[in-house]
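Structure assessment
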Amino acid sequence: MKKTKGKVELRYYEIPQNEFLIALQGGAWKRKYENLMHFHNLLDIGVCRSGNGVLRMEDEDWDYEEGTLTVFPANYPHTTISSGGSESQWEYLFVDVEKVLQAMYPDDLLFQQKMLERVNRKPFLGMEKSVPELPVIIQAILNEMRDKRDSLYRESVRGLTLALMINVARVNTGTAVMPEGFKVKTGFDQIRPALEYIRTHYNSPMKISEIAAVCHVSESHFRRLFEENIGMTPVEYLNQVRIHRACDLILKTGSSMEEIAAKVGFTTTSTFNRNFKRITGTSPYQWKRRPENYEGRLSQFNIMIEKGW
């Protein structure tokens, strides 16, 4: 097996306000997939519709073919590599698990936490036939998201998404078929709790020592692990997550810059403005006036923030 080295990219998705997930499907996803290790801030579910190649997860390679189904928890590094430069077609669902559970069980925090832990416990890689319930639900969601036949499609997707989460939790606690020798624990796993912590607490003041404690390692060791795996310091990563969220709030709300700075975790507006300019190349006010001129800059962030892939 070949071990992957170098920076791992974060591909960051924002779920639309009234949705629980994003569906990527159709001819646009028939392409040559190349080696670029990355991870997502959301649960990533993929189904191979045609082609073959290799799925790489840290230091393990596994063959994929038509009918392969994958479930990668948030913050789990992986990549897809088409065989011999050929094209493969995949379809994907990116799910905000917390948003689903909070909507479905608003008064049962314990159940939310238990389900979230089960869904994100480990990745799954196998053939659709090994977990027959999942492909049926996935296809039903893809159909609803593609056709949007009437105003009830969101309610249909709402129920289907809950069924999807329940079945992913069952797979992760059951005896679903996995490739022989499949390894879940990797070096990257040591900092995964930090990525999850930042994702859910980015709007609160935090120290690096506090984040390191979540991973149960010393601050110095944590800093080294983080830079080795992500290619930037923990502070740089935290600020980029905050600025991306700020970009979204600027475009979608009428909040003042002072309010937005506070909402994303900056203690002063001057610190917010300085980081915004450093990361996007423009000021928050310029972004607000002409957002269409600057959206392209998002794809140049170190943490690959993209609307589609």
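The sections below set out a description of the structure shown in this document. Predicted model only: the values in this text are computed from it and were never measured.

1. Brief notes about the overall build of the protein chain
Across its full length, the protein chain carries eleven helices and eleven strands. Across the 309 residues in the protein chain, those meeting the buried criterion constitute 50%. In the protein chain, of all internal contacts separated by at least 6 residues, the share reaching a separation of at least 24 is 74%. Roughly 14600 Å² of accessible area belongs to the protein chain as shown, and the carbon and sulfur atoms make up 48% of that amount.

2. Re the pairing of strand β5 (residues 43-50)
Where burial is concerned, most of β5 is hidden: six out of the eight residues are buried. In the sheet, β5 pairs with strand β10 (residues 88-95) via seven bridges, with the strands oriented antiparallel. Within the sheet, the bridge partner assigned to cysteine 48 lies in β10 and is tryptophan 90. Of the pairings in the sheet, the one linking β5 to strand β8 (residues 68-72) comprises four bridges and is antiparallel in character. Counted as the bridge partner of glycine 46 is threonine 70 from β8.

3. A look at the sheet that holds strand β7 (residues 60-64)
Taken together, the three strands give an open sheet; going across it, the order is β7-β6-β9, and neighbouring strands pair in antiparallel fashion. Unpaired on one side and paired on the other, β7 and β9 (79-82) mark the two borders of the sheet. Ignoring which end each strand starts from, the neighbouring axes of this sheet average 25° apart. Pairing geometry for strand β6 (residues 53-57) and β7, over five bridges, is antiparallel. Looking at β7, one finds that glycine 53 is bridged to tyrosine 64.

4. Some details on the nonpolar core
Among the nonpolar cores identified, the biggest contains 38 residues, and Ile211, Phe222, Ile230, Tyr237, Phe272 and Phe276 are the most heavily contacted of them. Contributions of two or more residues to this core are made by α5 (192-201), α6 (208-214), α7 (219-230), α8 (234-252), α9 (257-263) and α10 (269-280). When residues in this core are grouped by element, the largest group, eight residues, is from α8. Counting 32 residues, the second largest nonpolar core, distinct from the first, contains Val47, Val95, Val100 and Met165.

5. Remarks on the side chain of threonine 280
Residue placement: threonine 280 occurs in helix α10. Its relative accessible area of 3% is what places threonine 280 among the buried residues. Here phenylalanine 276 takes part through its backbone oxygen, which lies 2.8 Å from a polar atom of the side chain of threonine 280.

6. Examining the packing of α8 against α10
Interaxial distance between α8 and α10 falls to 10 Å at its minimum, and their mutual angle equals 95°. Comparing the axis directions of α8 and α10 gives the class roughly perpendicular. Contacts between α8 and α10 involve Asn239, Gln240, Ile243, Ala246, Cys247 and Ile250 from the first element and Phe272, Asn275, Phe276, Arg278, Ile279 and Thr280 from the second. Split into classes, the residues belonging to the contact of α8 with α10 amount to seven nonpolar, four polar and one charged.

7. Digging into the pattern of salt bridges
Throughout the structure, instances matching the rule amount to twelve salt bridges. Residue glutamate 117 is joined to arginine 121 by a salt bridge in which the shortest nitrogen-to-oxygen separation is 2.7 Å. Look at arginine 121 and you get partly exposed, because its relative accessible area is 37%. Among the ionic pairs, arginine 223 bridges to glutamate 219, the shortest N-O distance being 2.8 Å. Of this pair, arginine 223 and glutamate 219 are both found in helix α7, four residues apart, which corresponds to roughly one turn of the helix. The partly exposed category is assigned to arginine 223, whose relative accessible area is 32%.

8. Quick look at the packing of helix α1 (residues 97-104) against helix α4 (residues 153-173)
Axes are the key here: two packed helices are described by the angle between their axes and the distance separating the axes. The contact between α1 and α4 brings their axes to 10 Å, and the two run at 110°. With respect to α4, the axis of α1 lies roughly perpendicular. Helix-helix and strand crossings are classified by hand; for α1 and α4 the assignment is left-handed. Facing α1, whose interface residues are Val97, Val100, Ala103 and Met104, α4 presents Arg158, Gly159, Thr161, Leu162 and Met165. Taken together, the residues of the contact of α1 with α4 sort by class into six nonpolar, two polar and one charged.

About the thresholds
- Residues numbered from 1 in each chain as written.
- Predicted model: local features only at pLDDT ≥ 70, side-chain atom pairs only at ≥ 80, totals over all residues.
- Heavy atoms only, no water.
- Helix = DSSP H or I, 4+ residues; strand = E, 2+ residues; numbered from the N terminus.
- Buried < 20%, exposed > 50% of the residue type's maximum accessible area, 1.4 Å probe, protein only.
- Contact = heavy atoms within 4.5 Å.
- Areas by Shrake-Rupley, 256 points an atom, 1.4 Å probe, with all protein chains shown as cover.
- Pairing = 2+ DSSP bridges.
- Axes fitted to C-alpha atoms, helices over the stretch in contact; angles between N-to-C directions.
- Core = buried A, V, L, I, M, F, W, Y, C linked by side-chain atoms within 4.5 Å.
- Polar contact = N/O pair within 3.5 Å; in protein donor to acceptor, adjacent residues only side chain to side chain.
- Parallel < 35°, antiparallel > 145°, perpendicular 65-115°, else oblique.
- Nonpolar A, V, L, I, M, F, W, Y, C, P; charged D, E, K, R; others polar.
- Salt bridge = Lys/Arg side-chain N within 4 Å of Asp/Glu carboxyl O.
- Left-handed = near helix turned anticlockwise from the far one by under 90°.

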